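Chains, contacts and geometry: an overview
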Amino acid sequence: MLTCKVKNKGISTLFILLVITLAGSACFAVAMPVSAADNGINFHLKLIEEEQPTLEVTLEFNVEKDQKIALSPEGDYTSLIEGSTLYLDAISYPSPVFTIVSVSEDTVKLEPLPDSGSGWLVTGIKNGTAQIVYSSRKIESPDISTEQYVNANTAVMFSASPPVYEPSVFPIVKHDIKVIKASELLICPKIYPDMSSLGESYTVSVEKRNDEKLFVPWDLNDEGTGFNVNGTSELLDNFITWGIIDEVTIREDNPEIVAGFSTDYQRLTDSEKKEYAQNMGLIYEDLSNNLVSNRGVNRVPVVLCGARRFSFNSPDWDTLRSSSVIFHGGKGLKGEPSVTAAGAFFDLWNGYAFVPSLNGDSLWFEKGMSIFYPLRIANSSGLLDKESAFEMLSEIYVDYLDNPIGNETLGNLEQNELFNSDGFASATLCASIDKRIIDETGGEKDISWLAGQVSNDFEHSEGKEYGLNDIIEILDEGAGGGWQKFLSERVIEKHLFLASEFSESGLFRGKSSAKPGGSNSTRNWILLGVAIIVILSMPVIFSSYVRRAVKLDIKMPKIIPDDDFDDDVPEGEGRDKEDES
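Residues numbered from 1 in each chain as written. Predicted model: local features only at pLDDT ≥ 70, side-chain atom pairs only at ≥ 80, totals over all residues. Heavy atoms only, no water.

As for the packing of helix α7 (residues 363–380) against helix α11 (residues 447–457)
Note the threshold: For every element, the axis is a line fit to its C-alpha atoms; helices are fit only across the contacting stretch, and the angle between N-to-C directions ranges from 0 to 180 degrees. Starting at the N terminus, helices and strands are each numbered in turn, a helix being any DSSP run of H or I of at least four residues and a strand any DSSP run of E of at least two. When describing relative orientation, an angle under 35 degrees is termed roughly parallel and one over 145 degrees roughly antiparallel, while 65 to 115 degrees is termed roughly perpendicular and anything else oblique. Each crossing is labelled by how the near helix is turned from the far one, with a counterclockwise turn of less than a right angle marking it left-handed and a clockwise turn marking it right-handed. We call two residues contacting when some pair of their heavy atoms lies within 4.5 Å. In the scheme used here, Gly and all other residues not listed as nonpolar or charged are polar, with Ala, Val, Leu, Ile, Met, Phe, Trp, Tyr, Cys and Pro taken as nonpolar and Asp, Glu, Lys and Arg as charged.
As a packed pair, α7 and α11 sit with axes 11 Å apart at the nearest point and diverge in direction by 130 degrees. One element, α7, and the other, α11, form an angle in the oblique class. Handedness of the α7/α11 crossing: left-handed. Here α7 contributes Phe365, Met369, Phe372, Tyr373, Arg376 and Ile377 to the contact with α11, which in turn contributes Ile447, Ser448, Leu450, Ala451 and Val454. Considering only residue class, the contact of α7 with α11 consists of nine nonpolar, one polar and one charged.

Below, the structure written as C-alpha cells:
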C-alpha cells in the first residue's frame, strides 16, 4: 500500500495524483516478468569428454507461461531418433549430433517439433528462466540403420546401407585447441510458429583452462572467458576458438586482424611469427586496395593450424563472416601457402560483401574467383613467383579438362550445383577474362579492377546483387567492347576453354624462380602431355571441340614463361619447401 503525506497544502491535487500514478506504475513494472529479449540469451560451453570429443552447451533464456519456443539447429536437419537426438539430413555433409542432456522441468516442457520439424518445441509452464543442457558430438557417418533413413522421410530414400561420408575437419576438438563453427554448435531459440528470433542479444561464455585463450571476432569480457554479440547471423556465421594460442597482430587499423598461432607453430621463433604475420598483412592490403567493404567488420581472427595434422595434403582454408582458419603449419608464408592465405582473406568479401543474384547466370563468378583470384593476389603481393603461379594455373586447367563437359554451360548453375561443383571451369573462365582485360587496356587494368568495381557497385549489405549483364556493362565501359559476345559464348553457350585464352599474356608478374628446363619446367610439360591425352580421349560426339582443342599442343607451352628468367638465381632456390610440425 502506498501512503503519501502532504506537508505543503499549496501543492495541487493534480500533482499528487500524478505522483501516485507514477509510483504505482513503477511498482507494476517491477511485478511484470522480464522478457528474454530484455535479458538476452546465454550459452555456456565446455568440453566434457576429451577422448571422444563431446561439447556440452548450457542454454538459458527467459520464458513466459504458455509461451512456445522452437529449438531448431541451423541447416537442413532431420529428426531421425524421436525425442532427443538430431542427425543431419542424409544427403548433406557430416554434422554433429545434438542430444538433450537435461531440462528445467519445473519451468518448461520439451517435446519434438510438430509437423516433422527438425528440433524441439519448448512450452513455458510458468514465468521464469528456461535452462536446457545439450551435447554435440562429431560423427563421420550416421550410426543409424537403413530403415531409420527411410522412416525419416528424408529427401532421398536408400535401399542399401546409409552412405559413408568423408571425414569432416570441423568441429576441431583437441586437447590444445578447439575450433567450432558456431552454427554447428549453438541453437538459437525462435518464437514458434513464425520462427522469428527470440532475441538478438547473445552472451557466450567458455569453460577453459588457465593456459588457454578465447579467440573470437568480438571483444572479450574482463575475465577473457566470454563475449556478447548482437545479431543472430553475426553470431552463427563465425568460428569460436579457444586453446593454446600465441596471438600476433597483423594490422591494428579497422578492421583489426590478429593471427592465432596454434601449437603446430611452436618451432617458430617470435621473429619468424612476426614475419609470417607481416606477409599476411601484405596480402590483406593488396585486397583492400581493390575491394570496397563497409560490412562493419571490426576484428578478424585468423586461426593457424597444421595441415597434415588434419589430413590435408596441402595448405587449405575455411572462412566465415569475419573469421578464418588456415591449415598450413610451415615455417614461412611464401609460395603455395601464400595462395591459401589470399583465399582466406578474399573470402571475407566473396560471398558476403558482393553476392551474385540467384538466377544462376553469375554464380560462376563467385565460385571461379575463389579459386583463381588468390593466385593473382599472392603473385601481386610478391609472395608467389611467376612460374609457380603459372604452374598452379595449369593444374587448374588440367583439372577442368578432366571433365570439361560437366560445367560447360556455367550460366545454368544453380546455387546447390555451384557449391557442389569443383569450380575449375569457372576459374578457367576468370583467367580468360583477366587476359582479355589486360589485352584491351594495355595492362592498365586486370581482374582486380573488375573485382573492385563489382564490390563497389553491388554492396550486399545494401541489398544489391549482380548478374551477368551487370558484369558485361562494367567491362564494356572500362575494358573495351564486345564483352556481350565474349561472355555469352562462354557462359550461356557450349564452349571448351582453350589454353590460348589465358596463356599468351602477362597474367602474372615478377621474376621466375627457376631456369628453363629445370624441374618446374619439366612438370609443366608433363601437365601439357596429360592435357592433350585428356582432350584426345573425349567422346567422339564432341569431335568439333577436339579439333579446336588440338591447338593446345601449340598454345600450351605459353603457360611456361619464356622470358624474365633470373639467371642469378640458382636452380631450386626461391621456392620455400614447407616443413610442417
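Describing the environment of Pro73
With respect to the secondary-structure elements, Pro73 resides in the loop between β3 (68–71) and β4 (77–81). Sequence separation between Pro73 and Pro189 is 116 residues; the distance between their C-alpha atoms is 9.1 Å.

Concerning helix α10 (residues 424–441)
Worth spelling out the cut-off: The span one expects for a helix is its residue count, reduced by one, times 1.5 Å. Accessible area is worked out with a 1.4 Å probe on protein chains only. A residue is then buried under 20% of its type maximum, exposed over 50%, and partly exposed in between.
With 18 residues, α10 should reach 26 Å at 1.5 Å per residue; the first-to-last C-alpha distance of 26 Å fits that figure. Within α10, 15 of the 18 residues are buried, which leaves it mostly tucked inside the rest of the structure. Positive phi appears at Gly442, one or two residues downstream of α10, with a value of about 65 degrees.

Topic: the sheet that holds strand β20 (residues 299–306)
Note the cut-off: In this analysis, strands are considered paired if DSSP registers two or more bridges between them.
Sheet architecture is open: five strands sit in the order β18-β19-β20-β22-β21, paired in mixed fashion. The sheet is open, and its two borders are formed by β18 (246–251) and β21 (316–319), each paired with just one other strand. Shown here is a sheet whose adjacent strand axes are inclined to one another by a mean of 20 degrees, direction ignored. Across the sheet, helix α5 (residues 270–290) lies against β18, β19 (256–261), β20 and β22 (324–328), angled at about 35 degrees from β18, the strand it touches most. This element, helix α6 (residues 336–346), spans β18, β19, β20, β21 and β22 of the sheet and lies at about 10 degrees to β21.

Details of the pattern of salt bridges
The condition is simple: Salt bridge, as applied in this entry: a Lys or Arg side-chain nitrogen positioned within 4 Å of an Asp or Glu carboxyl oxygen.
Inspection of the entire model under this criterion finds 21 salt bridges. Its salt-bridge partner being Lys181, residue Asp318 comes within 3.2 Å of it at the nearest N-O pair. With Asp318 in strand β21 and Lys181 in strand β11 (residues 177–181), this residue pair connects regions lying 137 residues apart in the sequence. Among the ionic pairs, Glu489 bridges to Lys485, the shortest N-O distance being 2.5 Å. Note that Glu489 and Lys485 are positioned in helix α13 (residues 483–492) at a spacing of four residues, about one turn of the helix. The exposure class of Lys485 is exposed, given its relative accessible area of 58%. Beyond isolated ion pairs, a larger network of salt bridges with shared partners links Lys178, Arg209, Asp211 and Glu212.

Points about the packing of aromatic side chains
Cut-off, in case you're wondering: In this analysis, rings of Phe, Tyr and Trp, with Trp reduced to its six-membered ring, are considered paired at centre separations within 6.5 Å, and the interplanar angle assigns stacked below 30 degrees, edge-to-face beyond 60, and tilted for intermediate values. Placement of a charge over a ring requires the Lys NZ or Arg CZ to be within 6 Å of the ring centre, with the centre-to-atom vector within 35 degrees of the ring normal.
In the structure shown here, the tally under the stated rule is 23 aromatic pairs. Aromatic pair Phe310 and Phe327: ring centres 5.7 Å apart, planes at 65 degrees, arrangement edge-to-face. With Phe310 in the loop between β20 and β21 and Phe327 in strand β22, this residue pair connects regions lying 17 residues apart in the sequence. Judged on exposure class, the residue Phe310 and its partner Phe327 are both buried. Geometrically, the ring pair formed by Tyr397 and Phe502 is edge-to-face, given 5.2 Å between the ring centres and 70 degrees between the ring planes. Of the two residues, Tyr397 sits in helix α8 (residues 386–401) while Phe502 sits in helix α14 (residues 500–503), which places them 105 residues apart along the sequence. Given the relative accessible area of 1%, Phe502 is considered buried. Among the aromatic residues, those joined into a cluster by ring pairs are Phe346, Phe354, Trp364, Phe365, Tyr373, Phe458 and Tyr466. The ring of Trp483 is capped by Arg436, whose NZ or CZ atom sits 4.4 Å from the centre of that ring. In this structure, Arg490 packs its charged tip against the face of Phe486, placed 3.8 Å from the ring centre.

Overview of the nonpolar core
As a reminder, the rule being used: Put simply, a nonpolar core is a bunch of buried Ala, Val, Leu, Ile, Met, Phe, Trp, Tyr and Cys residues held in one set by side-chain atoms that sit within 4.5 Å of each other.
Counting 79 residues, the largest nonpolar core has Met280, Phe345, Trp364, Phe365, Leu450 and Leu487 as its most contacted members. Ile69, Cys188, Trp218 and Leu236 belong to the second largest nonpolar core, which has 38 residues in total.

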